[in-house]
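Structural overview
Here are the chains, one letter per residue:
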Amino acid sequence: MNDGLPGALATSAESPGRARVLRAHVLHVPRDPFEIGPQALEAWSDGAVAIDEAGRVTDLGEASEVLARQPRLPLVDARDAILLPGLVDAHVHYPQVGVIGALGLPLLPWLAQRTFPHETRFADLELARREASTFVRLLLANGTTTALVFGAHFAPATEALFEAAAEAGLRLATGLVVADRLVPKALRTTPDEAYAASLRLATRWHGRGRLRYALTPRFAPACSDELLAACGAVARERPELTVTSHLNESPAEIAHVRRAFPRDGDYLAVYERHGLVRPGAVYAHDLHPSDDELARLADAGAAVAHCPSSNAFLGSGAFPLRRHRRAGVAVALGTDVGAGTSLSLLHEGLQAYLTQKGLAEAGEPLAAPHVLWLATRAGADAIGMGEHVGDLRPGRAADLVLLRPRPASTLAATLRYADSAEAVLAACLTLAREDAVAQTWVQGEAVHPRRAA
Ligand code: GUN
Ligand code: ZN
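An account of the accompanying structure is given in this report.

The rules behind these values
- Residues numbered from 1 in each chain as written.
- Chains lettered and ligands numbered in written order.
- Predicted model: local features only at pLDDT ≥ 70, side-chain atom pairs only at ≥ 80, totals over all residues.
- Heavy atoms only, no water.
- Near = heavy atom within 4 Å.
- Polar contact = N/O pair within 3.5 Å; in protein donor to acceptor, adjacent residues only side chain to side chain.
- Helix = DSSP H or I, 4+ residues; strand = E, 2+ residues; numbered from the N terminus.
- Nonpolar A, V, L, I, M, F, W, Y, C, P; charged D, E, K, R; others polar.
- Axes fitted to C-alpha atoms, helices over the stretch in contact; angles between N-to-C directions.
- Parallel < 35°, antiparallel > 145°, perpendicular 65-115°, else oblique.
- Left-handed = near helix turned anticlockwise from the far one by under 90°.
- Contact = heavy atoms within 4.5 Å.
- Salt bridge = Lys/Arg side-chain N within 4 Å of Asp/Glu carboxyl O.
- Buried < 20%, exposed > 50% of the residue type's maximum accessible area, 1.4 Å probe, protein only.
- Donors = N, O, S within 2.8 Å, 3.2 Å for Na, K, Ca; no water.
- Tetrahedral: all angles 85-135°; square planar, octahedral: opposite > 155°, others 65-115°.
- Expected span 1.5 Å × (residues − 1).
- Bend = angle between axes of the 7 residues up to and from the residue.
- Disulfide = S-S within 2.5 Å.
- Pairing = 2+ DSSP bridges.
- Right-handed = clockwise from strand over helix to strand, strands pointing away.
- Phe/Tyr/Trp six-rings, centres within 6.5 Å; stacked < 30°, edge-to-face > 60°.
- Lys NZ or Arg CZ within 6 Å of the ring centre and 35° of its normal.

As a structural note, the neighbourhood of ligand 1 is formed by 13 residues, with H93, Q96, R218, E249 and D336 the closest of them. Take Q96: an N or O atom from its side chain is 2.8 Å from an oxygen atom of ligand 1. E249 is positioned such that a nitrogen or oxygen atom in its side chain is 2.7 Å from a nitrogen atom of ligand 1. The element contributing the most residues to the shell around ligand 1 is helix 3 (residues 107-119), with 3 residues. Looking at side-chain class alone, the shell around ligand 1 contains 5 nonpolar, 5 polar and 3 charged residues.

Encoded structure:
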């Protein structure tokens, strides 16, 4: 890897069309390293990706070969940079950027004292619009091109997020968050309102451009049976919708669920009884599952979003990743801001590595390809977008992130000695953050910075 030269992109990159060849250090993980091992990483130190006018990848490989096959396309010369598939955040809360770093509390007090009060501000549509566009901008600035996002408890604020994503080009699944107990009155809805508003928003937004609707009960402790039944009714009517919520996050929360739903054998059963555990459902955390819950998640084809920085931040526990995978449960990665500590999936990937390294059950630690897989392909599959995004194989949408180390940065100094693709990737996961993201594209369109190449 050469040093972080302040390499400007070739001027041809400024051509208005999307068709082009990007030449860079290219890495992706198109197959599952948990099944086939770290050789799942495919990389070209002088590689190239060709993109057509529709923003699809048409060619991938050694630069000399791609350039010979695509002689007429404009060239973006980014040989001083690293090109990855756009990152996929499988769990993050839009109204929580303002509570990042609220130190010192476990889950339930953190929600009650810091987070719920902040989320009530999103009743103000002007504030919500401003926060929505900030949130979307920050995701793209961190290289995230697809996200499954907890919306707000207010329909207009949730619509503001759809609008901001459509405007900026982000691929987004989100929905109105619903709750009718435990949260402050201002955040509560009723089963009838939740049913009507969720259906209305789904009809308006699901399938529009890059947007999908996600049915979003906050978590079982904040939902009555009647409210979950209303969500289940929408889920039955609209089987194509994503479903998302929280599951088995902290011991105190799980004890709360046992008291609130005494007839259900475990936490997952509460959602199952309402038809909310199905393919396309993504449950965040699941730190403390029984073997039976894991088997049922796998059977249902539901996925789990692992949120390691949030788990450490709130002291919720350590995620049994290998147990999930051994049980056949799909696992993706989420930043879970505001309990999470950043919107960077690279940072989150490092935290996933650190967590698994410290776990006896982990057996072998994660290698860099496992981490990139979790932050890209696995997330795309979990959210139901795996056919379109998640890796750089021809036919996929050209959702990309270009990392360019700042010349005097630690990352640049470390990369000088990175003598393999895995070492380059590991250095990026460990050291690259928002300031190393030089460019983000969705469907071949520059979305960060907005008007650059
Ligand atoms: N459970 C219910 N709501 C939340 C939330 O906002 N963050 C986390 N980490 N867990 C939750
Ligand atoms: Zn969450």
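Where helix 4 (residues 125-141) contacts helix 5 (residues 155-168), the two axes come as close as 8 Å, and the packing angle between them is 40 degrees. Comparing their axes, helix 5 and helix 4 come out oblique. You can see that helix 4 and helix 5 cross each other, and the crossing is right-handed. Residues L125, A128, R129, A132, S133, F135, V136 and L140 of helix 4 pack against P156, A157, A160, L161, E163, A164, A165 and A168 of helix 5. A per-class count over the contact of helix 4 with helix 5 returns 13 nonpolar, 1 polar and 2 charged.

What follows concerns the pattern of salt bridges. For the structure shown, the criterion picks out 23 salt bridges. Note that D391 is salt-bridged to R393, the shortest N-O span being 2.9 Å. Residue D391 is classed as buried on the basis of its relative accessible area, which comes to 1%. Relative accessible area serves as the criterion here: at 32%, R393 is assigned to the partly exposed category. The structure contains a network of salt bridges with shared partners spanning R377, D381, D391, R393 and R396.

Right, let's get into the coordination of the zinc ion (ligand 2). With distances of 1.9 to 2.3 Å, the protein atoms coordinating the zinc ion (ligand 2) are H91 (NE2), H93 (NE2), H246 (NE2) and D336 (OD). Relative to the metal, the 4 donor atoms surrounding the zinc ion (ligand 2) lie at angles of 91 to 167 degrees, and the coordination shape comes out irregular. One chain supplies every donor to the zinc ion (ligand 2), and in sequence these donors are spaced H-x1-H-x152-H-x89-D. Taken as a pair, H93 in strand 5 (residues 87-93) and D336 in the loop between strand 13 (330-333) and helix 13 (345-357) lie far apart in primary sequence, 243 residues in all. As far as burial versus exposure is concerned, H93 and D336 are alike and both buried.

The first and last C-alpha atoms of helix 3 sit only 15 Å apart over 13 residues, clearly below the 18 Å expected at 1.5 Å per residue. The sharpest bend along helix 3 reaches about 35 degrees and sits at Q113, with the proline P117 one to four residues further on. By the burial criterion, the buried members of helix 3 are L107, W110, L111, T115, F116, H118 and E119. The inward-facing, buried residues of helix 3 contact helix 8 (251-260) and helix 11 (308-314).

Enumeration according to the criterion identifies 0 disulfides in this entry. Free cysteine: C223, not disulfide-bonded; nearest cysteine sulfur from C231 at 6.3 Å.

Within strand 10 (residues 242-247), 6 of the 6 residues are buried, which leaves the element mostly enclosed by the surrounding structure. Neither face of strand 10 is open: one carries T242, T244 and H246, the other V243, S245 and L247, and all of them are buried. Across 2 bridges, the pairing between strand 9 (residues 211-217) and strand 10 is parallel. Each bridged residue has a counterpart across the sheet, and for A214 the counterpart in strand 10 is T242. As for the winding sense of the linkage, the β-α-β connection from strand 9 through helix 7 (residues 225-237) to strand 10 is right-handed. One ladder, built from 5 bridges, connects strand 10 with strand 11 (residues 281-285); its direction is parallel. Within strand 11, the residue paired with L247 across the bridge is H285.

Here we take up the side chain of H153. Structurally, H153 is set in the loop between strand 6 (144-150) and helix 5. You can call H153 buried: its relative accessible area is 10%. There is a polar contact of 3.0 Å between the side chain of H153 and the side chain of R218. Beyond its immediate sequence surroundings of up to four residues, H153 is in contact with E119, L176, V177, V178, A179, L187 and R218.

Tallied over the full model, the rule gives 6 aromatic pairs. For the ring pair Y94 and F135, a centre distance of 5.9 Å and an interplane angle of 55 degrees mean the geometry is tilted. Here the residue Y94 occupies a position in the loop between strand 5 and helix 3, and F135 occupies one in helix 4, the gap between them amounting to 41 residues. Neither residue differs from the other here; Y94 and F135 are each classed as buried. Connected via pairs of aromatic rings, a cluster forms that spans Y94, F122 and F135. Just above the ring of W205 sits the side chain of R208; from NZ or CZ to the centre is 4.4 Å.

We now examine unusual backbone geometry. The peptide bond linking V337 to G338 adopts the cis configuration, its omega dihedral lying at 5 degrees. Mapped onto the elements of the fold, G338 is located in the loop between strand 13 and helix 13. Cis geometry is found at the peptide bond from H448 to P449, where omega equals -15 degrees. Secondary-structure assignment places P449 in the segment after strand 16 (445-448). Even without being a glycine, L182 presents a positive backbone phi close to 70 degrees. By secondary structure assignment, the location of L182 is in the loop between strand 8 (177-178) and helix 6 (191-205). For Q443, which is not glycine, the phi torsion reads 50 degrees and is therefore positive. Tracing the chain through its elements places Q443 in the loop between strand 15 (437-442) and strand 16.

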